[in-house]
Amino acid sequence: MKKQITCIVCPRGCTMTAEICGSEIKVTGNSCPRGEKHAIGECTHPVRSLTSSVRVTNRQDTMVSVKSAAPVPKEKMQEIMGMIRKAQVSAPVSVGDVILSGVYGTDIVATKEIA
Ligand code: SF4
């Protein structure tokens, strides 16, 4: 099976082909080893960084932007978004505050200051 993958590791955006033969994955089209690593990850355990926002309960019409501290499994994105939609936080909030902890091996942290 062949899979076409655009590398997102750097702005060059190489178009790569990963050929999956049993347990072996042969990658072509990458310009550097980082692309090969990314392509293999996309074939075996794809992950994505996640960004969203969480309601601030004690400020009217206020949301705080959040992100995953590390990439999360791509197949769990919908589930994690559901957890984020249900989450609430009270101000003050500082950049880096943990909003949800232990989410598939990482935390959801604030990326905005709310005084
Ligand atoms: S393969 Fe290397 S050069 Fe190409 S986009 Fe990925 S990181 Fe950049």
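Look a little higher up for the structure.
Let me begin by describing the structure that accompanies this report. This is a predicted model, so every value here is computed, not measured.

Here's the deal with the site of the ligand
Thought 1: The environment of the ligand is formed by Cys7, Val9, Cys10, Arg12, Gly13, Cys14, Asn30, Ser31, Cys32, Arg34 and Gly35.
Thought 2: Considering only residue class, the shell around the ligand consists of 5 nonpolar, 4 polar and 2 charged.

Things to note about helix H1 (residues 33-44)
Thought 1: Compared with an ideal rise of 1.5 Å per residue, which puts 12 residues at 16 Å, H1 spans 17 Å between its outermost C-alpha atoms and is within 8% of the ideal.
Thought 2: Of all the residues in H1, the buried ones are Gly35, His38, Ala39 and Glu42. Taken end-on, H1 shows its buried residues confined to a sector of 100°, consistent with a single buried face. Relative to its buried face, H1 has exposed residues pointing more than 90 degrees away, namely Pro33, Lys37 and Thr44.

Looking at the sheet that holds strand S5 (residues 51-56)
Thought 1: The 5 strands are arranged S8-S5-S6-S10-S9 in an open sheet whose pairing can be described as mixed. The sheet is open, and its two borders are formed by strand S8 (88-89) and strand S9 (98-103), each paired with just one other strand.

Some points on the sheet that holds strand S2 (residues 15-21)
Thought 1: With respect to topology, 3 strands assemble into an open sheet ordered S1-S2-S3, the strand pairing being antiparallel. Since the sheet does not close on itself, it has two edges, and those belong to strand S1 (2-6) and strand S3 (24-28), each with one partner. Neighbour to neighbour, the strand axes of the sheet diverge by 25° on average, direction disregarded.
Thought 2: Pairing between S2 and S3: 5 bridges, direction antiparallel. Residue Cys21 lies in a different strand from S3, and its bridge partner there is Glu24.
Thought 3: Docked against the sheet, H1 engages S1, S2 and S3, running at close to 125° with respect to S1.

Basis of the calculations
Residues numbered from 1 in each chain as written. Predicted model: local features only at pLDDT ≥ 70, side-chain atom pairs only at ≥ 80, totals over all residues. Heavy atoms only, no water. Near = heavy atom within 4 Å. Nonpolar A, V, L, I, M, F, W, Y, C, P; charged D, E, K, R; others polar. Helix = DSSP H or I, 4+ residues; strand = E, 2+ residues; numbered from the N terminus. Expected span 1.5 Å × (residues − 1). Buried < 20%, exposed > 50% of the residue type's maximum accessible area, 1.4 Å probe, protein only. Arc of directions from axis to C-beta. Pairing = 2+ DSSP bridges. Axes fitted to C-alpha atoms, helices over the stretch in contact; angles between N-to-C directions. Contact = heavy atoms within 4.5 Å.

So yeah, pure geometry; function would need other evidence.
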